[in-house]
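Next come the chains, spelled out residue by residue.
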Amino acid sequence: DETGADETGADETGADETGADETGAETGSAETGAPRIHIEARERHGMVELSVADCGPGIPPAKRADVFEAFHRLEGHDPDRLETSSPGAGVGLAIAKAFVEVQGGQIRVEDNPGGGTVVVFSLPISRLP
């Protein structure tokens, strides 16, 4: 646009209107049916915050804490929302949570405003003297 900012509000330097540095990438294709995933990184309050958003069926609010438990899978909770043949063992987010927390960070699950889920994690930025 005229200000040099893209649709995320970031200008060509990567700084958005809040002063946070932001980088984004998107993968997937509507033509091939591959899932669309948007990955974003920004610096905020001395932390690096990364978000991974998809446009899948989403995770019901009552199930969000459960997705961080090892071997927990959401299949079958609502046949209209998720297929029961979803791949995986249910350890990905449990491993991510353990990694993030041991580094002094936090992880959470949110709704994607366009439909789907956003997993957001933040890690402290360590500055060398």
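Let us look at the structure shown here.

What counts and what doesn't
- Residues numbered from 1 in each chain as written.
- Predicted model: local features only at pLDDT ≥ 70, side-chain atom pairs only at ≥ 80, totals over all residues.
- Heavy atoms only, no water.
- Helix = DSSP H or I, 4+ residues; strand = E, 2+ residues; numbered from the N terminus.
- Buried < 20%, exposed > 50% of the residue type's maximum accessible area, 1.4 Å probe, protein only.
- Polar contact = N/O pair within 3.5 Å; in protein donor to acceptor, adjacent residues only side chain to side chain.
- 1 Å grid on protein atoms, 1.4 Å probe; cavity = no way out; pocket = protein on both sides within 12 Å on 5 of 7 lines; lining within 4 Å.
- Points joined across faces, edges and corners; volume = space filled by probe spheres on them.
- Nonpolar A, V, L, I, M, F, W, Y, C, P; charged D, E, K, R; others polar.
- Pairing = 2+ DSSP bridges.

1. A look at the side chain of R42
With respect to the element layout, R42 can be found in strand 2 (residues 34–44). Exposure remark for R42: the relative accessible area of 13% places this residue in the buried category. There is a polar contact of 3.2 Å between the side chain of R42 and the side chain of E40.

2. Thoughts on the layout of surface pockets
Estimated volume of the second largest pocket: approximately 340 Å³. Lining the second largest pocket we find 20 residues, and of these H38, S51, A53, N112 and V118 sit closest to its centre. Looking at the lining of the second largest pocket, the element that brings in the most residues is strand 2, giving six residues. Here the lining of the second largest pocket is composed, by residue class, of eight nonpolar, three polar and nine charged.

3. What about the pairing of strand 4 (residues 106–111)?
Alignment of strand 4 against strand 5 (residues 117–124), held across six bridges, turns out to be antiparallel. Across the sheet, the residue bridging to R108 is V120, located in strand 5. Hairpin connection of strand 4 to strand 5: five residues between the antiparallel strands, including G115 at a positive phi of 105°.

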